[in-house]
Amino acid sequence: MQVSINDTLIILVKGDITDLGVDAIVNAANSALQLGAGVAGAIQDKGGPTIQEECNRIGHCDVGSAAITRAGNLKSKFVIHAVGPLMGTGNEDRKLTDATMSVLEVAEVNNIRSLAFPAISTGVFGFPKDRCAKVMLSSTIAYLRSGSELDRVFFCLFDDDTYSIFEDELNRLTSD
């Protein structure tokens, strides 16, 4: 599924984010920038040790913020590490909005034209997928409506259930 917002395509795909040939993929990171399980583990496995080495040099990234590294052996050129909220810490929707917006801003500053998001915080951080879809998609649409140099923003979703949730939400947000 895809929609156009101010000449930028938002595209939903199902699959492994590390296989996408976009300028940057987004890592659902922790604030210590330690690559571990889930998306981060796949990035480490396929991208090689240089990504973690660059993360170690950065050292820390606050919740709601993002940092960029090169992508090692991945098909993409960069990895943008976004720190989403852990459920139960309070203000989770605002923190996820901030993380999403931080990624988009980092992408613009680094002249990235195509990027791919996972469903941030829905794995071990326990964020509900339906809330994630609403927050991330509405934040991205608002950002693109205010003007952007991005050509394509992918949401790469790992399974049918998550894809369906994001598809329903994108239809709801763009059906006016």
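Residues numbered from 1 in each chain as written. Predicted model: local features only at pLDDT ≥ 70, side-chain atom pairs only at ≥ 80, totals over all residues. Heavy atoms only, no water.

(A) Structural view of helix α5 (residues 160-174). For α5, with 15 residues, the first-to-last C-alpha span of 21 Å sits near the 21 Å given by 1.5 Å per residue. Those residues of α5 not exposed but buried are T162, Y163, F166, E169, L170 and L173. Buried residues of α5, seen end-on, are gathered within an arc of 135 degrees and therefore sit on one face of the element. Buried residues in α5 make contact with β1 (2-5), β2 (8-14), α4 (129-145) and β7 (152-157). Residue D159 occupies the N-cap position of α5, its side-chain oxygen lying 3.4 Å from the main-chain nitrogen of D161. (Helix = DSSP H or I, 4+ residues; strand = E, 2+ residues; numbered from the N terminus. Expected span 1.5 Å × (residues − 1). Buried < 20%, exposed > 50% of the residue type's maximum accessible area, 1.4 Å probe, protein only. Arc of directions from axis to C-beta. Contact = heavy atoms within 4.5 Å. Polar contact = N/O pair within 3.5 Å; in protein donor to acceptor, adjacent residues only side chain to side chain.)

(B) Focus on the pattern of salt bridges. Within the structure shown, the criterion is met by 11 salt bridges. The partner of R94 in a salt bridge is D98, and the shortest N-O contact between them spans 3.1 Å. Taken as a pair, R94 and D98 lie in helix α3 (residues 92-109) at a separation of four residues, close to a single helical turn. The exposure class assigned to R94 is partly exposed, which follows from its relative accessible area of 46%. Of the charged contacts, one joins K129 and D161 as a salt bridge, the two residues approaching to 3.8 Å between their closest N and O atoms. You can see K129 sitting in helix α4 and its partner D161 sitting in helix α5, a full 32 residues away along the chain. Judged by its relative accessible area of 47%, D161 is partly exposed. In this structure, a network of salt bridges that share partners links the residues D16, D19 and K46. (Salt bridge = Lys/Arg side-chain N within 4 Å of Asp/Glu carboxyl O.)

(C) Layout of the pairing of β7. Counting buried residues along β7, five of its six residues qualify, which places the element largely inside the surrounding structure. Bridge count between β2 and β7: six bridges; the pairing is parallel. The residue bridging V13 from the neighbouring strand is C156, located in β7. Across four bridges, the pairing between strand β6 (residues 114-117) and β7 is parallel. Following the sheet pairing, F117 is matched in β7 by F155. (Pairing = 2+ DSSP bridges.)

These results come straight from atomic positions and should not be treated as a statement about function.
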